[in-house]
Amino acid sequence: MAQGAGALLLRLDDTHWCEIRADAEQAHAVVRVGPLETRHGAAVPLTGPSLTLRAESVTATTTGPDDVRLTAVVDGVEHELTRFDGRYLSTEVAGGFTGRVVGLRALDGVVGVTEVRYAPLTADEAG
């Protein structure tokens, strides 16, 4: 991403989403719920050539259906950028019926992507 800035986006609708934004220097998380948009946690400096961005649904730590976990893996070291109640990206809070969608977007300049992987949970993994 040295020539631009990009993001990994997980969204339910225009006002319920989260993303990891990365440029040549750092990666950080942004979460939007309704009219509130905020940067979550500290930025992680990008010190080497390898960067992996992850948006995951993980076991709930509250009474929600799951937690949403955003991480950046920089040269093999995983950094949790944020973790929050998955209800904020669900039809319980936002309404609608579409479910979550994931995508990539360029924020500025030219963004290079080497690989994209999607791995749904199996019934055994979901518990």
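Residues numbered from 1 in each chain as written. Predicted model: local features only at pLDDT ≥ 70, side-chain atom pairs only at ≥ 80, totals over all residues. Heavy atoms only, no water.

## Observations regarding unusual backbone geometry
- Here Asp-75, not a glycine, exhibits a phi torsion of approximately 50°, which is positive.
- Tracing the backbone through its elements, the reader meets Asp-75 in the loop between β6 (67-74) and β7 (77-85). (Helix = DSSP H or I, 4+ residues; strand = E, 2+ residues; numbered from the N terminus.)

## Details of the layout of surface pockets
- For the largest pocket, the calculated volume is near 1500 Å³.
- Contributing to the lining of the largest pocket are 38 residues, with Leu-8, Leu-53, Arg-54, Ala-55 and Arg-117 lying nearest its centre.
- Looking at the lining of the largest pocket, the elements that each hand over two or more residues are β1 (4-13), β5 (51-58) and β8 (101-109).
- The leading source of residues in the lining of the largest pocket is β5, at eight residues.
- Per-class residue counts for the lining of the largest pocket are 23 nonpolar, eight polar and seven charged. (1 Å grid on protein atoms, 1.4 Å probe; cavity = no way out; pocket = protein on both sides within 12 Å on 5 of 7 lines; lining within 4 Å. Points joined across faces, edges and corners; volume = space filled by probe spheres on them. Nonpolar A, V, L, I, M, F, W, Y, C, P; charged D, E, K, R; others polar.)

## Overview of the sheet that holds β1
- Taken in spatial order, the five strands line up as β4-β3-β2-β1-β8 in an open sheet, and their pairing is antiparallel. Edge strands, defined here as strands with exactly one partner in the open sheet, are β4 (36-45) and β8. Strand-to-strand twist across the sheet, computed as the mean angle between neighbouring axes with direction ignored, equals 20°.
- The sheet contact formed by β1 and β8 spans eight bridges and is antiparallel. (Pairing = 2+ DSSP bridges. Axes fitted to C-alpha atoms, helices over the stretch in contact; angles between N-to-C directions.)

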